[in-house]
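So the chains spell out like this:
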Amino acid sequence: MIDITLTDFVDFVSKAGTPKLTVVKNVKKHHLDEYDPQTDFYRAIRKGIVDMHRLGKPKDALDDLLFGLTDKKKQTAYPELVTGYKKFLGKKNYVWFAPPKHRWEHAGLAISVNPEVGLEFDGVRHVVKLYFKAPKLGKIQMDIVTHLMTSFLPKPQSKVTSFDMLDIRHAKLIPGNPTDPSLTALLEGEAASFAQIYKSL
């Protein structure tokens, strides 16, 4: 079984032609090199957001993530991300819950469907996948992520649940709308293509 991240799969699906090959090559290289936390650019802020909620800390605790940054790219990106996430929280009266996760498998490929944040507010449970990157969140990316979440993540029958993406830099929560069930067939085809290319390299 080939394990890849949801981000890598979305990158693969959203590209056409030889850029798809580049995505697979990069994933295989990372597998050969093994995971190194130092190469995960957003790991610290992702973990900081989850820990803040899990431990019941105020949103200003995120400011601690900005102390001691030596990476110049992080010095530029992290303040914007912290500001954006704090703006999103605003004055919401929310309750944290551990978001559901799922390992979607097809044709020898396993994809981690792993939203980072679970917040209940205004009577709705929001299961949220965080989007950290600077480029604008595209519709195809949104459709793939929310389709996998709505189709395969468990949800309680007694609660209204929304599977969303949060564009952190713009503090914009984008609700996941119902997607075409046939999208699963497309994603299965993409998964099979990824696995075939991976094995051929």
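Residues numbered from 1 in each chain as written. Predicted model: local features only at pLDDT ≥ 70, side-chain atom pairs only at ≥ 80, totals over all residues. Heavy atoms only, no water.

(A) The arrangement of the layout of surface pockets in detail. The calculated volume of the largest pocket comes to roughly 1,300 Å³. Lining the largest pocket are 39 residues; nearest its centre among them are T5, T7, D8, D40 and R46. Of all the secondary-structure elements, those providing two or more residues to the lining of the largest pocket are β1 (2-5), α1 (6-13), α2 (18-33), α3 (43-54), β6 (124-131) and α5 (139-152). For the lining of the largest pocket, a count of residues per class yields 18 nonpolar, eight polar and 13 charged. (1 Å grid on protein atoms, 1.4 Å probe; cavity = no way out; pocket = protein on both sides within 12 Å on 5 of 7 lines; lining within 4 Å. Points joined across faces, edges and corners; volume = space filled by probe spheres on them. Helix = DSSP H or I, 4+ residues; strand = E, 2+ residues; numbered from the N terminus. Nonpolar A, V, L, I, M, F, W, Y, C, P; charged D, E, K, R; others polar.)

(B) Broad picture of the pairing of strand β8 (residues 172-175). Bridging between strand β7 (residues 160-167) and β8 involves four bridges; their strand directions are antiparallel. If you follow D164 over to β8, its bridge partner there is P175. Between β7 and β8, which pair antiparallel and follow one another directly, the connecting turn spans four residues, one of which, A171, has a positive phi of 50°. (Pairing = 2+ DSSP bridges.)

(C) Here's a closer look at the side chain of D167. Here D167 lies in strand β7. Within the buried set, D167 has no salt-bridge partner at all; the shortest N-O distance to an opposite charge, 6.2 Å, is to R169. Not counting residues up to four positions away in its chain, the partners in contact with D167 are Y131 and K172. (Buried < 20%, exposed > 50% of the residue type's maximum accessible area, 1.4 Å probe, protein only. Lys, Arg positive; Asp, Glu negative; His and termini not counted. Salt bridge = Lys/Arg side-chain N within 4 Å of Asp/Glu carboxyl O. Contact = heavy atoms within 4.5 Å.)

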